[in-house]
Amino acid sequence: MKLRRILGRFLLSVVILSALLSLWGFFLIRRSFPQTEGEIRLPGLDSEVVIYRDSHGIPHIYASTLHDLFYAQGYVHAQDRFWQMDVWRHIGAGRLAEMFGKSQVETDAFLRTMGWARLAEQELRESSPEAIAILTAYAEGVNAYLTNHHGAALSFEYVLLRLLNPRYAPEPWKPVHTLTWAKAMAWDLRGNIEAEIERALLLKTFSPEQIADLYPPYPSDHPVIVEQFSPLPMTFRPIPTQAETFSSGEPALRRVARNLAQLEALLGPSGRGIGSNAWVIAGTLTTTGKPILANDPHLGIQIPSIWYQMSLHCQPKSERCPYEVTGFSFAGAPGIIIGHNDRIAWGFTNVGPDVMDLYIERVNPENPNQYEVNGQWVDFETRTEVIQVSGDEPITITVRSTRHGPVISEVYGLEEFGEQTGLAVPEAFVISLRWTALQPQHIFEAIWGFNKAKNWQEFRAATRAFTVPAQNLVYADVDGNIGYQMPGQIPIRKNGDGRLPVPGWTDEYEWIGYIAFEDLPFVFNPQSGYIVTANNQSTPRDYPYLVTADWDYGFRAARIVEMIENAPGPIDLSYIQRMQLDSTSLNARTLLPILMSLPMEGRLEEARTYFLANWDGREEANSQSALFFERFWWNLLIETFYDEPFPEDYFPSGGDRFYEVIRRLVEQPNSPWWDNRLTPDTVETRDDIFLRAFAITVEKGEEKYGKRFEKWPTWGEVHSATFRHRTFGQLGIRPIEALFNRGPFPTGGGESIVNATGWKVGVSFEVDWLPSMRMIVDLSDFDRSLTVHTTGQSGHAFHPHYVDLAPLWASGQYYSMAWSPEVVAAQATSVLRLVPER
């Protein structure tokens with residue numbers, strides 16, 4: 001966030017730190033620690049609710065009515081995570097300036113332009129009676145906690161916020177706040193808008209053939225999720241291709257990058273590599289004869305964790321109170337997002353469909369309030385938004401929309417789009433965004449459907465509502481069935497393939513419908529005995545509809561399939577743990593044979609022998625070889641591409657796409673991409689660039705770490721995870737950051753590795769996204785299921801459960817997911833009773 005603009009007000013940080021070092025400061029921090037034992041009397045409850053917490057602070061809620069169950073969930077979320085909830089609802093509504101002041105006006109203007117809060121209000125009006133009952137009960141529980149907790153008693157962050165914004169007080173929670181949160185999550189998993197802008201930039205200086213090299217097709221030797229699919233007779237529509245070639249313009253789009261960075265500070269990194277692993281294995285391949293389901297979603301690194309683990313139990317479970325479910329929730333949202341109930345288990349990975357298109361709209365040069373539609377000038381739709389600003393006057397903005405959606409040119413940093421790209425644009429134009437999430441959706445009805453489902457038919461019926469963001473949904477049940485469904489609202493385009501912005505003044509690039517649910521890929525009990533999803537291509541290779549041109553390139557999926565098919569025997573939980581923690585680099589498999597075949601001598605040969613001769617390609621935290629290899633990869637990308645005419649602020653950052661780019665290029669040793677354009681008298685080949693990158697790796701390593709190779713650090717010492725607070729953990733003021741941030745924790749894994757810990761070439765080896773939790777569900781005995789998430793249950797700094805799980809996560813350890821009442825009671829370290837106030 002841009003809180004650095006108001007750092008002047010934080011000169012008091014020294015005073016704050018001194019206070020914290022006093023007994024008063026310690027007491028102030030502890031005031032927010034919630035009560036977890038004894039009895040609390042609350043208004044609005046139907047009857048007593050019992051909440052068991054275990055040694056990790058994981059709550060198990062037992063209630064006799066649906067109302068009380070979700071009331072208690074709201075209360076517990078507010079106990080542990082209300083600051084996180086408060087910030088998220090302000091993001092979703094575009095109201096950050098109300099909390100943090102003028103520095104957030106630009107972000108609010110973008111979020112208001114998107115109109116998430118207005119959509120959430122519409123969704124609430126259209127929700128089913130059961131949905132409204134759940135959302136209302138949840139809000140009542142949150143507000144019951146807010147009634148008696150304020151300032152430091154609510155969360156220590158409010159003490160610091162008071163220095164910036166003395167008048168701020170959290171408003172009561174409303175059902176609509178949950179729905180605005182869902183919009184923010186949809187943006188976090190939004191699709192390919194950055195790739196669309198990026199390709200437009202590259203058109204200025206690269207040919208279509210070169211761009212095709214930089215964006216290769218999905219590999220034919222990597223797995224797709226559904227190999228064959230023909231549930232109903234289908235009208236086969238050929239996948240359209242881009243109908244026009246554009247030229248003209250200049251490079252840059254600097255402000256786009258700045259705006260994306262600003263949103264990433266709030267929501268976490270997005271784009272390529274951010275995804276998940278999920279797979280399910282049938283009982284025919286396991287030691288128990290029942291399925292095992294595994295899931296590890298990959299999201300931006302943060303503290304507290306995005307996940308809050310808990311169980312919800314109706315006692316007794318009945319038609320009126322049908323929930324008995326455990327797993328991972330989002331603070332601010334009722335229900336369990338990923339987990340299992342007493343019959344089924346499910347997990348997610350992101351599909352990444354192309355559900356966002358940028359339209360170049362021709363504006364009337366004589367009347368800027370009009371834009372063209374099929375030769376006619378029509379008026380923009382307009383609305384006024386008032387942004388309240390802490391410590392300043394309100395700011396009024398006017399939002400314009402076309403038939404496609406909101407005009408984002410001004411608020412998304414696209415004012416100079418025509419000069420920056422290789423697209424032909426009108427003299428007067430704006431850019432609008434069409435996105436499926438800007439239509440009413442009801443995703444939580446899908447979540448609650450999963451929570452209640454008793455079989456495949458009920459689960460699949462619930463997936464119909466899981467439209468945005470579309471997810472690969474894996475399934476298993478206690479009867480031994482496994483399945484997969486790709487839901488989502490996927491547009492069918494009249495022309496174009498979504499790779500580039502398109503003209504909006506005609507109907508040539510309109511969406512003409514959506515892929516019918518019955519035509520979306522699914523599979524049930526495949527003959528292979530397993531289903532693997534890792535953001536790889538979901539659809540069969542002959543699928544008649546376009547879902548996206550920007551799949552993950554399937555390196556993780558290929559490795560997961562390899563491990564399943566080469567398992568030493570029937571698969572058990574320990575083998576699944578090893579799979580989730582697998583650090584094998586398929587990129588190393590591609591490049592090592594070339595490196596080992598090149599002629600070297602002297603220090604280069606010594607380095608090759610020491611680091612690579614006996615390396616198995618695993619990027620374990622304690623491996624020196626892994627660090628050496630990744631430093632070589634960094635230098636290889638620089639030496640291959642630094643001479644190319646990329647737009648300013650753009651450079652290949654590694655990851656799955658460039659794994660595939662280089663994998664293809666190494667098969668062409670004399671490709672022009674290897675030749676350095678800055679040395680016109682020499683034509684470099686693949687081997688020349690490999691040797692140069694290797695030599696630089698040795699030279700720079702010796703400068704940084706010394707001549708003695710055994711003294712060089714391990715991968716985990718450099719590739720570490722530091723969990724940073726999203727608001728107060730990135731200010732640049734160390735005393736404040738030290739209150740909230742935790743780490744570094746050495747980690748293994750890396751980009752496009754099953755143990756997916758992301759980093760960026762040209763930026764840092766530090767982890768920027770990661771497996772946000774790991775879950776393994778044993779359908780033969782739910783009490784044997786295993787899990788871990790990244791930081792801890794509590795959002796309160798210095799609470800015992802603030803970061804107690806991070807060492808387990810970083811070292812690859814798990815703990816059991818208690819399920820049965822006997823095990824829950826036996827593992828409980830505290831019991832809290834919520835009693836109706838009389």
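Use the structure listed above.
1. Structural notes on the overall build of the protein chain
Here comes step 1: Counting its regular elements, the protein chain contains 26 helices and 30 strands.
Here comes step 2: Counting the 838 residues in the protein chain, one finds 64% classified as buried.
Here comes step 3: Taking the contacts inside the protein chain whose residues are at least 6 apart along the sequence as the reference set, 74% of them involve residues at least 24 apart.
Here comes step 4: On the protein chain, roughly 30,400 Å² of surface is accessible, and the fraction owed to carbon and sulfur atoms is 51%.

2. Quick notes on the nonpolar core
Here comes step 1: Within the largest apolar cluster, 168 residues are counted, with the highest numbers of intra-cluster contacts made by Trp435, Phe444, Phe450 and Leu834.
Here comes step 2: Here the element with the most residues in this core is helix H3 (residues 66-93); it accounts for 14 residues.
Here comes step 3: By size, the runner-up hydrophobic cluster in this structure holds 58 residues, among which are Trp505, Ala588, Phe641 and Phe658.

3. Digging into the packing of aromatic side chains
Here comes step 1: Scanning the entire structure with this criterion turns up 60 aromatic pairs.
Here comes step 2: Their ring planes at 75° and their centres at 6.3 Å tell us that Trp83 and Phe100 sit as a pair that is edge-to-face. Taken together, the residues Trp83 in helix H3 and Phe100 in helix H4 (residues 96-100) connect sequence positions 17 residues apart. Per residue, the accessibility class of Trp83 equals that of Phe100, and both read buried.
Here comes step 3: Between Phe206 and Trp673, the aromatic rings sit 6.0 Å apart at their centres with planes inclined by 25°, giving stacked as the arrangement. With Phe206 in the loop between helix H10 (193-202) and helix H11 (208-214) and Trp673 in the loop between helix H21 (655-665) and helix H22 (686-705), this pair connects stretches of sequence that are 467 residues apart.
Here comes step 4: One aromatic cluster in this structure is built from Tyr610, Phe611, Trp615, Phe628, Phe629, Phe632, Trp674, Phe690, Phe694, Tyr705, Phe709 and Trp712.

4. Re a nonpolar patch on the surface
Here comes step 1: Together, Tyr642, Phe651 and Leu678 make up an exposed nonpolar region whose accessible area comes to about 290 Å².
Here comes step 2: When you line up the elements, Phe651 lands in the loop between helix H20 (624-641) and H21.

5. Comments concerning the side chain of Asp582
Here comes step 1: Tracing the sequence through the fold places Asp582 in the loop between helix H17 (573-580) and helix H18 (586-597).
Here comes step 2: Of note is the side chain of Asp582, whose polar atom sits 3.1 Å from the side chain of Arg618.
Here comes step 3: If we ignore the near neighbours within four places in the chain, the residues touching Asp582 are Arg559, Met563, Arg618, Ile753, Val754 and Asn755.

6. Looking at H3
Each turn of an α-helix holds 3.6 residues, which means side chains three or four residues apart point in the same direction.
Here comes step 1: Taking 1.5 Å per residue, 28 residues should reach 40 Å; H3 reaches only 28 Å between its end C-alpha atoms and comes up short.
Here comes step 2: At Arg81, H3 shows its largest bend, some 95°.
Here comes step 3: The first or second residue beyond H3 is Gly94, which carries a positive phi of 65°.

7. Structural notes on the pairing of strand E28 (residues 786-789)
Here comes step 1: Here E28 shows two buried faces, one formed by Leu786 and Val788 and the other by Thr787 and His789.
Here comes step 2: Inspection of the sheet shows strand E27 (residues 773-778) paired to E28 by four bridges, in the antiparallel sense. Directly across from Met775, in E28, lies its bridge partner Thr787.
Here comes step 3: Alignment of E28 against strand E29 (residues 815-816), held across two bridges, turns out to be antiparallel. Across the sheet, Thr787 pairs through a bridge with Tyr815, a residue of E29.

Here is what the cut-offs are and how they apply
Residues numbered from 1 in each chain as written. Predicted model: local features only at pLDDT ≥ 70, side-chain atom pairs only at ≥ 80, totals over all residues. Heavy atoms only, no water. Helix = DSSP H or I, 4+ residues; strand = E, 2+ residues; numbered from the N terminus. Buried < 20%, exposed > 50% of the residue type's maximum accessible area, 1.4 Å probe, protein only. Contact = heavy atoms within 4.5 Å. Areas by Shrake-Rupley, 256 points an atom, 1.4 Å probe, with all protein chains shown as cover. Core = buried A, V, L, I, M, F, W, Y, C linked by side-chain atoms within 4.5 Å. Phe/Tyr/Trp six-rings, centres within 6.5 Å; stacked < 30°, edge-to-face > 60°. Patch = residues over 30% accessible without salt bridge, like charges linked within 9 Å, V, L, I, M, F, W, Y side chains within 5 Å. Salt bridge = Lys/Arg side-chain N within 4 Å of Asp/Glu carboxyl O. Polar contact = N/O pair within 3.5 Å; in protein donor to acceptor, adjacent residues only side chain to side chain. Expected span 1.5 Å × (residues − 1). Bend = angle between axes of the 7 residues up to and from the residue. Pairing = 2+ DSSP bridges.

In short, geometric facts, not functional conclusions.
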